[in-house]
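# A look at the structure
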Amino acid sequence: MSNTGYSKLIDSNQEAGVFRVARQSFTDMGVFQTERDEIFNRCWLYLGHTSELPKKGSFVTRPVGGRNLIFNRDAAGVVNAFLNSCPHRGATVCREIKGSAKNFTCSYHGWVFGADGKMRDLPGVESYVEGFTKSGCADLVKVPKLAMYRDFWFVCFDPDAVSLVEYLAGATEYLDLIADQSEAGMEIVSGTQEYAIRANWKLLVENSFDGYHALSTHATYFDYLKNMNGVLSQGNVIGFAKDLGNGHAVVEYTAPWGRPVANWVPAWGEERKAEIDASYQRLVDRHGEERANRIAKHSRNLLIFPSMLIIDVMSLTVRTFYPKAPDYNEVTAWSMGPSEEQGWLRKNRLHSFLEFLGPGGFATPDDVEMLEQCQRGYSNAREAAWNDISRGMKKDEPATVDEHQIRVFWRRWHELLQQARQDADPVTVR
Ligand code: FES
Ligand code: FE
């Protein structure tokens, strides 16, 4: 499909209050390849969190944007992101998921790299030209751009990209609301959820901050919550949707559930109330009443374009994903909490991480089923060609159950596709 073809993938008419997305956007191989070139190869993508590298030598390996990366802290304490491919013949250098290492040794021919990526030892070095190991060609390759905001580390494969802070735009305010939940710093709690969905990645973007589907798709869970807390109905969740710039968007709303950061609910029992109230008071002392209330008693589903979601509900889930095919999306999710949190509160957080958004929880299996049903529906795309994303189109103050935040994503997606370079890299990651 050409750039001209891409222009027809969105049908937006503000006057008429109609916004539609062509279903071809979820199935077309040309669209998928252009997404990889223009979105995943050019946008900043979430890599990991400072807390995952607690000491010198700490490392994790993970796929990001179709590459395998090493995210580590070297002997000088510097955080790095390397392509996990040996500069010799390309073998995966580090095959562990996480750990601590002063050096990385490639198993194939035994090249050894320091934690700073520099060549340390090369078997048979005398057979190479003088200065070979010093030239840099035998070092691990760094990701073109690596930067951090409030302990969230991002990479970008486009050396000409704007700075991370410029890219994040209004999303920084929402990362602040996460980071400010803790006195000592937030941390990724050990344990990772990994699963795949037989549906297009953009369906999970939509779903991850779609307030409209909650009470129908997750009826069972919300009935349970209503019985537990006696407070929930669509009418008493007050909130809004907001465009944060560069395709990032958020829904923010009063939390109808308990939040370990400091939102007590009766289901937790009177005996827990004093502990939660004390946590809340500490937030007030640090940030003032208004901000403490926003941090503790509100929830947020934040999209950092294109595929990072921070779902700050009854616990805090960081979710990223990357498509393997137009109809196949691989998802990774982590739980995050204040590093000083312990005991019952930490247990409660982890329980919620599993109970609602976990792949075996109350919500995610229902969501996965819905997304896969949508993808199946697109086999009819020739005749039934459009998805409707019009809800709340004419409202000045869209609610969380409207689709404003989803349109923000689609508009940016569309913009980037239409900017597709005719001279795209001859070598692209497929
Ligand atoms: Fe790594 Fe040869 S491929 S040492
Ligand atoms: Fe859902």
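Notes on the structure follow. (Residues numbered from 1 in each chain as written. Chains lettered and ligands numbered in written order. Predicted model: local features only at pLDDT ≥ 70, side-chain atom pairs only at ≥ 80, totals over all residues. Heavy atoms only, no water.)

## A word on the coordination of the iron ion (ligand 2)
Under perfect tetrahedral coordination by four donors, a metal shows angles of 109.5 degrees; under perfect octahedral coordination by six donors, it shows angles of 90 or 180 degrees. Protein coordination of the iron ion (ligand 2) is provided by His213 (NE2), His218 (NE2), Asp367 (OD) and Asp367 (OD), with donor distances spanning 2.0 to 2.3 Å. What the 4 donor atoms of the iron ion (ligand 2) show is an angle range of 56 to 141° at the metal, which sorts the shape as irregular. In the primary structure, the donors to the iron ion (ligand 2) are separated according to the pattern H-x4-H-x148-D. Of the two residues examined, His213 and His218, each falls in the buried class. (Donors = N, O, S within 2.8 Å, 3.2 Å for Na, K, Ca; no water. Tetrahedral: all angles 85-135°; square planar, octahedral: opposite > 155°, others 65-115°. Buried < 20%, exposed > 50% of the residue type's maximum accessible area, 1.4 Å probe, protein only.)

## With respect to the packing of aromatic side chains
Overall, the coordinates contain 20 aromatic pairs when judged by the stated rule. Judged by centre distance (5.5 Å) and plane angle (80°), the rings of Phe26 and Trp410 are edge-to-face. On the criterion of sequence distance, the pair formed by Phe26 in the loop between strand E2 (18-22) and helix H2 (29-40) and Trp410 in helix H12 (residues 404-418) is long-range, its members being 384 residues apart. When the ring of Phe409 is compared with that of Trp410, the centres are 5.4 Å apart and the planes differ by 70°; the resulting orientation is edge-to-face. Residue Phe409 shares its accessibility class with Trp410, and that shared class is buried. Counting every residue linked through ring pairs, the aromatic cluster contains Phe26, Phe40, Trp201, Phe305, Tyr322, Tyr378, Phe409, Trp410 and Trp413. Of note, Lys297 hangs over the ring of Tyr280, and the distance from its end group to the ring centre comes to 4.5 Å. The ring of Tyr212 carries Arg391 above its face, with NZ or CZ at 4.1 Å from the centroid. (Phe/Tyr/Trp six-rings, centres within 6.5 Å; stacked < 30°, edge-to-face > 60°. Helix = DSSP H or I, 4+ residues; strand = E, 2+ residues; numbered from the N terminus. Lys NZ or Arg CZ within 6 Å of the ring centre and 35° of its normal.)

## Brief notes about the sheet that holds strand E3 (residues 45-49)
Pairing is antiparallel across the open sheet formed by 3 strands, whose spatial order is E3-E12-E11. For this open sheet the edge positions go to E3 and strand E11 (145-149), each flanked by a neighbour on one side alone. With direction set aside, neighbouring strand axes in the sheet form an average angle of 30°. Where E3 meets strand E12 (residues 152-156), 4 bridges bridge the pair, whose relative direction is antiparallel. Following the sheet pairing, Leu45 is matched in E12 by Val155. (Pairing = 2+ DSSP bridges. Axes fitted to C-alpha atoms, helices over the stretch in contact; angles between N-to-C directions.)

## Thoughts on helix H8 (residues 270-287)
Count 3.6 residues to each turn of an α-helix, and residues three or four apart come out pointing the same way. Over its 18 residues, H8 extends 26 Å from the first C-alpha to the last, a length consistent with the 26 Å expected when each residue adds 1.5 Å. Looking only at H8, the buried set comprises Ile276, Ser279, Tyr280, Leu283 and Val284. Mapping the buried residues of H8 onto a view down its axis gives an arc of 145°, with all of them on the same face. Away from its buried face, by an angle of more than 90 degrees, H8 presents the exposed residues Glu271, Ala274 and Asp285. Each element contacted by the buried residues of H8 is listed here: helix H9 (289-297) and helix H10 (343-355). Two residues or fewer after H8 comes Gly288, characterised by a positive phi angle close to 85°. (Expected span 1.5 Å × (residues − 1). Arc of directions from axis to C-beta. Contact = heavy atoms within 4.5 Å.)

## Structural notes on helix H5 (residues 201-208)
Taken across its 8 residues, H5 has 8 buried, putting it largely inside the fold. Buried residues of H5: Trp201, Lys202, Leu203, Leu204, Val205, Glu206, Asn207 and Ser208, and no others.

## What to know about the sheet that holds strand E10 (residues 119-121)
Strand order in this open sheet of 3 strands is E8-E9-E10, and the pairing throughout is antiparallel. If you trace the sheet from one side to the other, it starts and ends with strand E8 (103-105) and E10, each paired once. Each strand axis lies, on average, 35° off the axis of its neighbour in the sheet, ignoring direction. Looking at chain direction, E8 and strand E9 (residues 112-114) are connected through 3 bridges and run antiparallel. Note on E9: the bridge partner recorded for Asn103 is Gly114.

## Digging into the packing of H5 against helix H11 (residues 364-377)
Contact geometry of H5 with H11 gives a least axis separation of 10 Å together with a crossing angle of 135°. Judged by the inter-axis angle, H5 sits oblique to H11. By crossing handedness, the relation of H5 to H11 is classed as right-handed. Contacts between H5 and H11 involve Leu203, Leu204 and Asn207 on the former and, on the latter, Asp367, Leu371, Cys374 and Gln375. Of the residues contributing to the contact of H5 with H11, the split by class is 4 nonpolar, 2 polar and 1 charged. (Parallel < 35°, antiparallel > 145°, perpendicular 65-115°, else oblique. Left-handed = near helix turned anticlockwise from the far one by under 90°. Nonpolar A, V, L, I, M, F, W, Y, C, P; charged D, E, K, R; others polar.)

## Focus on the nonpolar core
It is characteristic of soluble globular proteins that their nonpolar side chains tend to be buried jointly. One finds Phe152, Phe154, Leu168, Leu302, Trp410 and Trp413 to be the most contacted residues of the largest nonpolar core, which totals 109 residues. Listed in part, the 16 residues of the second largest apolar core include Ile70, Cys94, Phe104 and Phe113. (Core = buried A, V, L, I, M, F, W, Y, C linked by side-chain atoms within 4.5 Å.)

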